[in-house]
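Reading the structure
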Amino acid sequence: MTEQIFQGGDEIQKKDLESHLSSLCQLENVGVLLGAGSSKAAGGKVMKQVWQDFKGANPLSVSFLRDECKLITQPEIDNDSVNVELLIDQVVKFIEVSTIRQDDVEKLEQARNQLYRSVTSAALLVADEFPTQAVGKLECLSHHRNLLEKLISNRQPGQSAPAIFTTNYDLAIEWAAEEVGIQVVNGFVGTHTRTFQPHTFDLGFRNVNAQGEARFGHYNLYLYKLHGSLTWMQDKDGNITELPSSLAYQQAIQPLIDHGTFSSNQHLIYPGANKYHHTIGYVYGEMFRRFSEFLGKPQTALFVNGYGFGDYHINRIILGALLNPSLHIVIYYPELSALNGLDPSKFNEAQKCIDKIKKMKISQITVIGGGDAYFNAFVDMIPKPVLFPKNNTAKILADAIRDLAPSKDDF
């Protein structure tokens with residue numbers, strides 16, 4: 001896959017990109033927006049794979065949606081080009097139409113639950129390990145751990161802790177942070193019952209035993225799950241709580257995976273054209289407000305990886321934030337070179353957005369395509385903080401002291 005790197009619309013070399021990334025990591029505010037592609041190496045699935053999973057497991061529902069409902073066509077099925085978001089939305093709308101037959105309603109509800117099951121399965125990552133509490137140590141999450149360690153260590157005392165925004169339901173960030181001992185502030189607080197308290201996003205941790213500016217080092221990161229989480233549940237009063245992963249699996253995830261039983265308490269924003277409508281709720285509205293607010297801060301860098309630009313409401317926030325003159329965005333989009341061979345009039349919404357961003361020729365935007373755009377390569381390219389080599393520290397200090405000592409010529 002051909003590597004392409006553009007900054008301000010002009011192609012640049014990889015060494016220039018590495019220098020640019022090093023500078024961005026020192027800005028006052030550093031954030032990362034992660035999409036489904038960032039979890040693929042950890043066992044997650046992108047939307048095309050979600051459709052393939054649904055198609056392979058539910059041939060009768062595929063035939064029903066094609067022949068009876070006319071919601072999908074055979075060429076779409078053969079080419080695995082079915083838009084899962086649109087399909088789920090259409091199925092839900094069909095269920096709400098009172099004029100259709102009851103047996104068709106039951107088939108549609110079954111198809112909806114099967115689609116939900118495929119989407120949820122894609123977010124389980126390490127499915128066999130999920131019910132346990134210690135999966136952050138697994139090799140498949142090594143790059144997630146590395147990402148968090150690099151983001152934290154590049155922060156200077158007094159700067160804000162790194163922020164991670166994600167459209168993923170999975171727990172990759174939480175598990176990785178738990179393994180490396182990083183506190184995650186995700187808006188939920190409580191020991192036995194964790195409820196959403198957005199003011200926690202304005203709080204941080206400090207070391208009360210340290211001296212001077214070392215007190216204000218970085219011991220936490222902020223996590224904003226824009227579309228919900230596998231562990232978020234909604235009670236009968238509409239309150240959203242966060243459960244331990246094992247309990248969420250037992251109460252909501254496993255019944256859906258094993259039996260196709262969908263719990264209305266599982267508070268996820270499943271893919272659909274009406275996705276933005278669901279984000280106006282209290283929790284999701286707060287998450288998106290914080291995302292927009294973050295992008296408006298001075299001296300801010302946002303790295304975008306694994307996100308396919310298929311969510312209009314997120315694209316709108318990103319494009320609108322470019323009015324901030326000190327915002328820098330680095331977009332990783334593996335299929336960038338493929339756009340050159342396509343007819344622009346046939347671009348999908350995601351391709352139109354990327355093409356528009358590239359053609360803006362704004363120096364604030366860097367776009368990377370090809371193999372360097374995948375999650376593992378992105379993490380590897382993030383610079384490590386500048387430190388004395390561990391084995392040479394004593395020698396460096398000794399040499400410095402010797403140089404400062406007065407010589408006999410000074411007397």
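Preceding this paragraph is the structure being described.
Residues numbered from 1 in each chain as written. Predicted model: local features only at pLDDT ≥ 70, side-chain atom pairs only at ≥ 80, totals over all residues. Heavy atoms only, no water.

1. What to know about the packing of aromatic side chains
Using the criterion set out here, one finds 16 aromatic pairs in the structure. Residues Phe-188 and Trp-232 carry aromatic rings whose centres are separated by 5.1 Å and whose planes lie at 50 degrees to one another, so their mutual orientation is tilted. Of this pair, Phe-188 sits in strand β6 (residues 188-189) while Trp-232 is found in strand β9 (residues 228-234), placing the two residues 44 residues apart along the sequence. Each of the two residues, Phe-188 as well as Trp-232, counts as buried. Taken together through their ring pairs, the aromatic side chains of Phe-165, Phe-188, Phe-196, Phe-201, Tyr-224, Trp-232, Tyr-282, Tyr-284, Phe-291 and Phe-294 make up a single cluster. (Phe/Tyr/Trp six-rings, centres within 6.5 Å; stacked < 30°, edge-to-face > 60°. Helix = DSSP H or I, 4+ residues; strand = E, 2+ residues; numbered from the N terminus. Buried < 20%, exposed > 50% of the residue type's maximum accessible area, 1.4 Å probe, protein only.)

2. Focus: the pattern of salt bridges
By the definition in use, this model includes 13 salt bridges. Between Lys-225 and Glu-174 there is a salt bridge; the shortest N-O distance is 2.9 Å. One end of the pair, Lys-225, is in strand β8 (residues 220-225); the other, Glu-174, is in helix α8 (residues 172-180), with 51 residues separating them in the sequence. There is no split in this pair, since Lys-225 and Glu-174 are both buried. (Salt bridge = Lys/Arg side-chain N within 4 Å of Asp/Glu carboxyl O.)

3. A look at the sheet that holds β8
The strand order across the open sheet built from nine strands is β2-β1-β14-β13-β12-β3-β4-β8-β5, with neighbouring strands paired in mixed fashion. Each edge of the open sheet is held by one strand with a lone partner, namely β2 (10-11) and β5 (183-185). Relative to strand β4 (residues 163-166), strand β3 (residues 29-34) runs parallel, the two sharing four bridges. Residue pairing in the sheet places Leu-34 in a bridge with Thr-166 of β4. Against the sheet, helix α11 (residues 282-295) contacts β3, β4, β8, β12 (300-305) and β13 (327-332), and its axis sits at roughly 120 degrees relative to β12. (Pairing = 2+ DSSP bridges. Contact = heavy atoms within 4.5 Å. Axes fitted to C-alpha atoms, helices over the stretch in contact; angles between N-to-C directions.)

4. A look at the side chain of Asp-170
Position of Asp-170 among the secondary structure elements: in the loop between β4 and α8. Despite its burial, Asp-170 pairs with no opposite charge, the nearest such side chain being Lys-225 at 5.5 Å. A polar contact of 3.1 Å, which involves the side chain of Asp-170, links it to the backbone nitrogen of Ala-172. Leave out the neighbours within four places in its chain, and Asp-170 touches Ser-39, Ala-123, Leu-125, Lys-225 and Leu-230. (Lys, Arg positive; Asp, Glu negative; His and termini not counted. Polar contact = N/O pair within 3.5 Å; in protein donor to acceptor, adjacent residues only side chain to side chain.)

5. Describing the nonpolar core
Residues Leu-33, Leu-226, Phe-291, Leu-295, Phe-309 and Ile-331 are the most contacted members of the largest nonpolar core, which totals 44 residues. Listing elements by their share of this core, those giving two or more residues are β4, β8, α11, β12, α12 (312-321), β13, α13 (349-360) and β14 (365-369). The element best represented in this core is α11, accounting for seven residues. The contact partners of Leu-226, leaving out residues within four places of it in the chain, are Leu-33, Phe-165, Thr-166, Thr-167, Ile-269, Tyr-284, Met-287, Phe-288, Phe-291 and Ile-314. Listed in part, the 41 residues of the second largest apolar core include Val-105, Ala-111, Tyr-249 and Ile-253. (Core = buried A, V, L, I, M, F, W, Y, C linked by side-chain atoms within 4.5 Å.)

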